[in-house]
Amino acid sequence: MTSERLIIHFLDYLRLKHRSEATIRNKKNSLKYLVHWLADKNLSLVKARIKDMEEYASFIHNMKKPNGEALSANCKYNYLKSVLLLFDFLKRKNLILSN
């Protein structure tokens, strides 16, 4: 299953849990950075390992807004929390192996 498909599965799960559409939209927007980053590294969610996610966390930490300013701590937290929730979901559903 592709990374995009796994994320859609996760977002569908959030809908079943009656999360608001605003929450789902925010998770989707946060996870698009992960999908692009993985593609740049020729990785997928299934192939990503802990060291890859540590590198992604560093990428988010150093990410800038279009105007060159640093992202707020809250924004960084939300991006990384979305990734954590996604991986937790994928592990619980046995869609990925934990490493």
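Residues numbered from 1 in each chain as written. Predicted model: local features only at pLDDT ≥ 70, side-chain atom pairs only at ≥ 80, totals over all residues. Heavy atoms only, no water.

The next subject is the overall build of the chain. Secondary structure assignment for the chain yields four helices and zero strands. Beginning at the N terminus, the succession of helices and strands in the chain can be written as α-α-α-α. For the chain, the C-alpha radius of gyration of 13 Å lies close to 13 Å, the compact-globule estimate for 99 residues. With the principal axes as the frame, the chain shows a C-alpha extent of 40 × 30 × 20 Å. Once local pairs closer than 6 in sequence are excluded, the contacts in the chain between residues at least 24 apart make up 56%. Carbon and sulfur atoms provide 54% of the accessible area of the chain, an area that totals close to 6,600 Å². One way to put it: in the chain the 19 positive side-chain charges average out to a point 5 Å from where the 9 negative ones average out. (Helix = DSSP H or I, 4+ residues; strand = E, 2+ residues; numbered from the N terminus. Rg over C-alpha atoms; globule rule 2.2 N^0.38 Å. Contact = heavy atoms within 4.5 Å. Areas by Shrake-Rupley, 256 points an atom, 1.4 Å probe, with all protein chains shown as cover. Lys, Arg positive; Asp, Glu negative; His and termini not counted. Charge placed at Lys NZ, Arg CZ, Asp CG, Glu CD.)

A few words on the packing of aromatic side chains. Inspection of every chain in the model, using the stated rule, returns five aromatic pairs. With centroids separated by 5.5 Å and ring planes inclined at 50°, the aromatic side chains of phenylalanine 10 and phenylalanine 89 adopt a geometry described as tilted. Taken together, the positions of phenylalanine 10 in helix H1 (residues 3-16) and phenylalanine 89 in helix H4 (residues 73-92) put the pair 79 residues apart, joining distant regions of the chain. Here tryptophan 37 and tyrosine 56 contribute two aromatic rings whose centre-to-centre distance is 5.4 Å and whose plane-to-plane angle is 65°, an arrangement assigned as edge-to-face. Of this pair, tryptophan 37 sits in helix H2 (residues 21-40) while tyrosine 56 sits in helix H3 (residues 50-62), and the two are 19 residues apart along the sequence. (Phe/Tyr/Trp six-rings, centres within 6.5 Å; stacked < 30°, edge-to-face > 60°.)

All right, on to the packing of H1 against H2 then. Interaxial distance between H1 and H2 falls to 10 Å at its minimum, and their mutual angle equals 165°. Classified by the angle their axes make, H1 and H2 are roughly antiparallel. The hand of the H1/H2 crossing is right-handed. When H1 is examined against H2, the residues Ser3, Glu4, Ile7, Phe10, Leu11, Leu14 and Arg15 are found in contact with a partner set consisting of Glu21, Ile24, Lys27, Lys28, Leu31, Val35 and Leu38. Among the residues making up the contact of H1 with H2, the classes are represented as eight nonpolar, one polar and five charged. (Axes fitted to C-alpha atoms, helices over the stretch in contact; angles between N-to-C directions. Parallel < 35°, antiparallel > 145°, perpendicular 65-115°, else oblique. Left-handed = near helix turned anticlockwise from the far one by under 90°. Nonpolar A, V, L, I, M, F, W, Y, C, P; charged D, E, K, R; others polar.)

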